[in-house]
Amino acid sequence: WAQGVAALMIIGLLILIVAFIISITAMCNPGGCSLWSVAILLFIVAIIQIIALIIYPVNFNEKIFEGQYNYTWAYGFGWGATIICLGCSFIFCCLTRYIDYIDGSEIKYIYPHSKK
């Protein structure tokens with residue numbers, strides 16, 4: 001189970017690197033790559049991390065340690081990274097609505113212009 005958790009986290013990291021590369025190309029060339037693919041990849045990474053972060057303490061407490069154990073900062077960092085990954089997937093879903101403003105083909109003014 002420990003090797004499985006490590007494998008899940010490494011697979012999540014590799015998918016995250018791919019999502020990062022696709023997001024860079026999507027931001028540099030808005031017409032080419034889809035931001036939806038980045039959002040889907042980030043959501044998959046978050047699901048993989050959630051699975052790994054649930055498997056680890058359950059099996060650790062049952063098979064290795066009997067008693068009370070305080071998890072270190074790394075476990076909390078994993079949950080923080082998972083929450084950030086979920087948030088980024090929702091942000092990339094919302095970015096698809098504003099792609100015209102990002103690439104400069106449409107201008108949105110804060111205050112509407114009045115014609116004189």
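Residues numbered from 1 in each chain as written. Predicted model: local features only at pLDDT ≥ 70, side-chain atom pairs only at ≥ 80, totals over all residues. Heavy atoms only, no water.

Q: Please set out the overall build of the protein chain residue by residue, giving values where relevant.
A: The helix and strand inventory of the protein chain stands at four helices and zero strands. The proportion of buried residues among the 116 residues of the protein chain is 22%. Relative to all contacts within the protein chain whose residues are 6 or more apart in sequence, the contacts with residues 24 or more apart total 70%. Here the protein chain has roughly 8400 Å² of accessible surface; of this, 70% comes from carbon and sulfur atoms. (Helix = DSSP H or I, 4+ residues; strand = E, 2+ residues; numbered from the N terminus. Buried < 20%, exposed > 50% of the residue type's maximum accessible area, 1.4 Å probe, protein only. Contact = heavy atoms within 4.5 Å. Areas by Shrake-Rupley, 256 points an atom, 1.4 Å probe, with all protein chains shown as cover.)

Q: Please set out the UniProt feature "transmembrane region" (unreviewed entry) in the protein chain residue by residue, giving values where relevant.
A: The positions that UniProt labels "transmembrane region" (unreviewed entry) are, in the present scheme, residues 6-28, 35-56 and 76-99. Within the segment residues 6-28, helix and strand shares are 100% and 0% respectively, and the terminal C-alpha atoms sit 33 Å apart. (UniProt positions renumbered as here; feature names shortened; annotations may be inferred.)

Q: An account of the nonpolar core is requested, with residue identities and associated values reported.
A: Grouped together as the largest cluster of nonpolar side chains are 11 residues: Ala19, Ala26, Leu35, Val38, Ala39, Leu42, Val45, Ala46, Cys85, Phe92 and Leu95. By residue number, the principal contributor to this core is helix α2 (residues 35-64), which donates six residues. If we ignore the near neighbours within four places in the chain, the residues touching Ala19 are Val38, Leu41 and Leu42. (Core = buried A, V, L, I, M, F, W, Y, C linked by side-chain atoms within 4.5 Å.)

Q: How would you sum up the state of the cysteines? Please name residues and give values.
A: For the structure shown, the criterion picks out zero disulfides. As a non-bridged cysteine, Cys85 has Cys88 as the owner of its nearest cysteine sulfur, 6.6 Å distant. (Disulfide = S-S within 2.5 Å.)

Q: Describe the side chain of Gln49, and please don't skip the residues or the numbers.
A: The topology assignment puts Gln49 in helix α2. A polar contact of 2.9 Å, which involves the side chain of Gln49, links it to the side chain of Thr82. Sequence-distant contacts of Gln49, that is, excluding residues within four places in its chain, are made with Met9, Ala81, Thr82 and Cys85. (Polar contact = N/O pair within 3.5 Å; in protein donor to acceptor, adjacent residues only side chain to side chain.)

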